[in-house]
Amino acid sequence: MRIAVDGQPIEHAAGDSVAVAILRSGQHPQHGGTLCLAGDCGNCCAEIDGIAFTRTCLTPARPGMRVTRHPAVGGPPLRMDPPVDPVASPAHSTTNLHREHADLVVIGAGDSGQAAADAARSDGRAVTILSGDLGHDVVGVYPGPLVVIRLANGDMLHIHAHDVVIATGAAELHPVCEGNMLRGIYTAGAADVLRSAGVDVGVTATVDLQQLVRFEGTDGHVTGVVTADGSTSPCESVVITSARRAPRDLLARMVADPHVRTVGPAADTFEFPAAPTAGTVCPCSKVTVDDLQMVWDKGFQHLELVKRASLCGTGTCQGGVCLPHLRAFVTAKSGEPAQPFTGRPASRQLTISEAAADVHLDAFRRTALHHEHVAMGARMDRFGGWWRPWNYGNFLDEYWAVREGVSLGDVSTLGKMIVTGPDVVEALERIYPTTIHDIRPGRSRYVLLLNERGHVIDDGMVCREVTGDDGFDRFVLTFTSGGASFAEAWIRDWIETWGLDVRVLDRTLALSAINVTGPLAGELLSRVGVDEPPRFLQHVHTGVAGIPCHVMRLSFTGEASFELHHPRTHSVELWQSLMAAGRDLGVRPHGLQALFALRLEKGHVIVGMDTEMDTTPRRINMDWAVKLDKADFIGRTALLRTADLVDRRRLLGFTMPGPAPIEGAPIFVDDDIVGHVTSSFHSPGLGQSVMLGWQKRMPAADTVTIDGRQAQVSATPFYDPQGARARA
């Protein structure tokens, strides 16, 4: 029977753990350090069948198992295969979870655990014993109390207990001295395991921990041990014995709960070993005594601070090896007994599948048309906090439907808000950098949303309604899909800060919206009852296929577009009516892939995709959307202060023949990188690739190199520069 270790087959005997099998072959399961073979340390951790930080001493060897040792320095590589389909959800494993309720759970089947169990049974209590010998790997204890266990078959078990007794015993101390990361060092318990398995570790020297001075070695392997009497014992392996044991109390340090108690050696008072003076204290993070001294000298003079500054105790064993020596070091330096740090669940590394077993959370919302999209063959993707159609099989067909016919897009994800009240105009004038008071009822205006630094944080539309029966002005605001929640909180916070009398109603989830776009959009609307559609940047309330809609005339695609905002409960009915009415017009839906291409041809910026955290209107050539001569608004002071300063950043349009470079591609001028591509698309309508991208060096070059090819700076919009089609 064989397993593969770093691609090389090695034999293993029946009953071997992976660590024992590797040692049987004359190798080390990692790269050095003392082995306990009891699961207390990280010195045998390796990647097994793709799962990193697996304790090889606790993993039975199985024929065909693939073992890859971790690097000598640093963590194992993060294995992330690129998705074959960028829209498809990534492949994932499923871990079964079992839930149980128990009266008393005893963790540990040693003498103290059995005594606690027997005492509880004599009191008439039902006892559940958890032990590694029984296939239980207890990885965490949480308030409740809740005990989390990984089972031998790979399933997870959560036990909700009335009381928990932790009886995990004590662990053997590892040596900390010069040479303690050599191969061939074992605790007494590990030596017993190897002898029982018939593993020959060569000429052995046995040394008590108190007598140990240092290890000597060649080529990373121990060749001798020096003791306190000055003698050197040549050997091929060293067995460390000690009368002291460290409480195995990591689970106990995870939780403060009156229903959780610790008994036996795990609860005993611990006599510190001698403070270390040389060697590696934390094998997981490769922290030496010199590292501890360095952070101490810098003023980190509390155990928790030493831990964080040096990373000692933050590795896979969470102090199983280093904590006794770390406490001894801090105690010797401070003169006060150093208390152990808090344990953090889990005590063993968990896969995401194991940690999330039986937890189902879809953090992305679904529009009312979600199932309509799926039924029409949509490939759904996550964008802006929502599940949205990426395409319906062929995005170029969708692109041409918008450019030459008529198409429907689900834009229900847009943020939608109604604001009204005595001070609403004043509030909006302060919030937006353009004028609001001069928007006439029935008209709308594109607006940017800025923060105090004058940076663009969102964009959208302001639509002015007719004055309500209460005599107050009323506005409908829209925001981007990803920015809607933040925008609501932002606006409410400022209104409250200013003490203005404004009423805000967020209708993002209550209202759906369908965009009817393309040269035949007006014809389609006339078939469903809209005889007089609004003109460009106008909006009206009217019935569409018998459904009350707020129809907004604008254009993100570059063609005539009508957004139909309507109650969510009527969304499917409206969608199906529009599809049926436009069947002979060739109506078809379009997804995000086509929408992104269409808007790019028009040079429209997507906030958060084409912009950066410190993007100002000037940098994206939107000075026209800012009126610095109006009264104060959010960001005005910052914009005025920087208005006369040289700004070396600009978002520009680029064109080039051939296929479009990948988004994110660097932009070169000669051998210097001056920016990157934010959006790219090979336009079939324009016969070339069009891009938006940053140049962060002025004066901007007219010709740049992208993807090894020349590209020209070009004015935007690339398509229909005069906007005649959007206004048709």
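A few points on the structure. Note that the structure is predicted; figures quoted are calculated from it, not measured.

**Examining the overall build of the protein**
Looking only at helices and strands, the protein has 16 helices and 41 strands in total. Taking 728 residues into account, the globule formula puts the C-alpha radius of gyration at 27 Å, and the protein, at 34 Å, lies well above it. The buried share of the protein, taken over its 728 residues, is 51%. As presented, the protein carries roughly 32900 Å² of accessible surface, and 52% of it is formed by carbon and sulfur atoms. Taking the average location of the 66 positive side-chain charges in the protein and that of its 83 negative ones, the two points are 3 Å from each other.

**As for the sheet that holds strand β3 (residues 45-48)**
Reading across from one edge, β2-β1-β5-β3-β4 is the order of the 5 strands in this open sheet, with mixed pairing throughout. Looking at which strands have only one partner, the edges of the open sheet turn out to be β2 (8-11) and β4 (51-55). The average undirected angle you get between the axes of adjacent strands in this sheet is 40°. Alignment of strand β1 (residues 2-5) against β2, held across 4 bridges, turns out to be antiparallel. Looking at β2, one finds that Val5 is bridged to Gln8.

**Examining the pairing of strand β41 (residues 709-714)**
As judged from the 3 bridges shared by strand β36 (residues 650-656) and β41, these two strands associate in the antiparallel manner. Across the sheet, Phe654 pairs through a bridge with Val713, a residue of β41. Judged from the 4 bridges that link them, strand β40 (residues 703-706) and β41 form a sheet pairing that is antiparallel. When the bridges of β41 are listed, Ile706 appears paired with Arg709. Hairpin connection from β40 to β41: 2 residues lie between these consecutive antiparallel strands, with Asp707 at a positive phi of about 60°.

**Focus: the nonpolar core**
Core analysis: the biggest nonpolar cluster contains 28 residues, and Leu408, Val516, Leu524, Val544, Leu564 and Leu578 have the highest contact counts within it. For this core, the elements supplying multiple residues, two or more each, are β31 (511-517), α12 (521-527), β33 (547-554), β34 (561-567) and α13 (571-581). Once residues lying within four places of it in the same chain are set aside, the contact partners of Val516 are Val406, Ser407, Leu408, Ala521, Leu524, Leu525, Ala560, Ser561, Phe562, Leu564 and Leu578. Listed in part, the 24 residues of the second largest apolar core include Val419, Trp490, Leu500 and Ile634.

**Things to note about the environment of Ala256**
Along the chain, Ala256 falls in the loop between β18 (245-247) and β19 (260-262). The class for Ala256 is exposed, based on a relative accessible area of 77%.

**Describing the sheet that holds β34**
The strand order β32-β33-β34-β31-β25-β35 describes an open sheet built from 6 strands, whose pairing is mixed. Strand pairing shows two members of the sheet lacking a second neighbour, β32 (539-544) and β35 (588-589), which therefore form its edges. Two elements, β33 and β34, share 5 bridges in a ladder whose sense is antiparallel. Directly across from Arg553, in β34, lies its bridge partner Phe562. Relative to β31, α13 is tilted by about 15°, and along the sheet it contacts β25 (407-410), β31, β32, β33, β34 and β35.

**Brief notes about unusual backbone geometry**
Each neighbour pair has its own omega, and for Gly144 with Pro145 the value is -10°, a cis peptide bond. A cis amide bond, omega 10°, links Pro345 with the succeeding residue Ala346. By the secondary structure assignment, Ala346 is in the loop between α6 (323-334) and α7 (352-355). Its identity as a non-glycine residue notwithstanding, Leu311 has a phi of 70°, on the positive side. Note that Leu311 resides in the loop between α5 (303-310) and α6. Note on Leu311: relative accessible area 46%, which makes it partly exposed. The phi torsion at Leu537 lies on the positive side, around 70°, for a residue other than glycine.

**Things to note about the pairing of strand β27 (residues 444-450)**
On a regular strand, one side chain projects to one face of the sheet and the next to the other, so that they alternate. With 5 of 7 residues buried, β27 lies mostly within the body of the structure. Linking β27 back to strand β28 (residues 456-464) in an antiparallel pair, the connection comprises 5 residues, with Gly454 at a positive phi of about 80°.

**Structural notes on the side chain of Glu372**
Its location among the elements puts Glu372 in helix α8 (residues 370-375). One buried charged side chain, Glu372, makes no salt bridge at all; its nearest oppositely charged neighbour is Arg583, positioned 10 Å away. Ignoring any residue separated from it by four or fewer positions in sequence, one finds Glu372 in contact with Val572, Trp575 and Gln576.

**Overview of the packing of helix α9 (residues 395-404) against helix α14 (residues 592-601)**
Running from N to C, α9 and α14 cross one another at 50°; their axes reach a closest spacing of 8 Å. As judged from the angle between their axes, α9 and α14 are oblique. Here the hand of the crossing between α9 and α14 comes out right-handed. Of the residues in α14, those touching α9 at Phe395, Glu398, Tyr399, Val402 and Arg403 are Gln593, Ala594, Leu598 and Glu601.

**Focus: empty space enclosed by the protein**
By the definition in use, this model includes 2 cavities of 30 Å³ or more. The space that makes up the largest cavity amounts to roughly 70 Å³. Around the largest cavity sit Arg388, Pro389, Gly409, Asp410, Val411, His590, Gly591, Leu592 and Leu595, which together line it. Among the elements of the structure, β24 (386-391), β25 and α14 are those that each provide at least two residues to the lining of the largest cavity. A per-class count over the lining of the largest cavity returns 4 nonpolar, 3 polar and 2 charged. Its boundaries defined by the atoms lining it, the second largest cavity holds a volume of some 40 Å³. Every residue along the wall of the second largest cavity is listed here: Gly33, Thr34, Asn43, His174, Pro175, Asn180, Met181, Thr280, Pro283 and Val321. For the lining of the second largest cavity, the class distribution of residues is 4 nonpolar, 6 polar and no charged.

**Topic: the state of the cysteines**
Scanning the model with the defined rule gives 0 disulfides in all. Free of any disulfide, Cys44 has its nearest cysteine sulfur in Cys57, 3.6 Å distant. For Cys44, a relative accessible area of 3% corresponds to the buried category. Just so you know, Cys235 is unpaired, no disulfide at all, and the nearest cysteine sulfur is the one on Cys177, 12 Å from it.

**What about the pattern of salt bridges?**
For the structure on display, the rule yields 37 salt bridges. Between Arg464 and Asp473 there is a salt bridge whose closest N-O contact spans 3.1 Å. Of the charged contacts in the structure, one is a salt bridge between Lys696 and Glu612, with a shortest N-O distance of 2.8 Å. Of the two residues, Lys696 sits in the loop between β39 (688-695) and β40 while Glu612 sits in the loop between α14 and α15 (636-642), which places them 84 residues apart along the sequence.

**A look at α6**
Taking 1.5 Å of rise per residue, the 12 residues of α6 would be expected to cover 16 Å, and the 16 Å separating its terminal C-alpha atoms lies within 8% of that figure. By the criterion of burial, α6 is predominantly enclosed, with 9 of the 12 residues buried. Restricting attention to buried positions, one finds in α6 the residues Leu323, Pro324, His325, Leu326, Arg327, Ala328, Phe329, Val330 and Thr331. In this fold, the buried residues of α6 make contact with β18, β20 (280-282), α4 (289-297) and α5.

**Remarks on the packing of aromatic side chains**
One pass over the structure, following the stated rule, counts 12 aromatic pairs. Seen from their ring centres, Tyr399 and Phe681 are 5.7 Å apart, and the 55° between their planes marks the pair as tilted. On the criterion of sequence distance, the pair formed by Tyr399 in helix α9 and Phe681 in strand β38 (residues 672-683) is long-range, its members being 282 residues apart. Each member of the pair, Tyr399 as well as Phe681, carries the same accessibility label: buried. Between Trp494 and Trp498 the ring centres are 5.2 Å apart and the planes differ by 35°, which places this aromatic pair in the tilted class.

Conventions adopted
Residues numbered from 1 in each chain as written. Predicted model: local features only at pLDDT ≥ 70, side-chain atom pairs only at ≥ 80, totals over all residues. Heavy atoms only, no water. Helix = DSSP H or I, 4+ residues; strand = E, 2+ residues; numbered from the N terminus. Rg over C-alpha atoms; globule rule 2.2 N^0.38 Å. Buried < 20%, exposed > 50% of the residue type's maximum accessible area, 1.4 Å probe, protein only. Areas by Shrake-Rupley, 256 points an atom, 1.4 Å probe, with all protein chains shown as cover. Lys, Arg positive; Asp, Glu negative; His and termini not counted. Charge placed at Lys NZ, Arg CZ, Asp CG, Glu CD. Pairing = 2+ DSSP bridges. Axes fitted to C-alpha atoms, helices over the stretch in contact; angles between N-to-C directions. Core = buried A, V, L, I, M, F, W, Y, C linked by side-chain atoms within 4.5 Å. Contact = heavy atoms within 4.5 Å. Salt bridge = Lys/Arg side-chain N within 4 Å of Asp/Glu carboxyl O. Parallel < 35°, antiparallel > 145°, perpendicular 65-115°, else oblique. Left-handed = near helix turned anticlockwise from the far one by under 90°. 1 Å grid on protein atoms, 1.4 Å probe; cavity = no way out; pocket = protein on both sides within 12 Å on 5 of 7 lines; lining within 4 Å. Points joined across faces, edges and corners; volume = space filled by probe spheres on them. Nonpolar A, V, L, I, M, F, W, Y, C, P; charged D, E, K, R; others polar. Disulfide = S-S within 2.5 Å. Expected span 1.5 Å × (residues − 1). Phe/Tyr/Trp six-rings, centres within 6.5 Å; stacked < 30°, edge-to-face > 60°.

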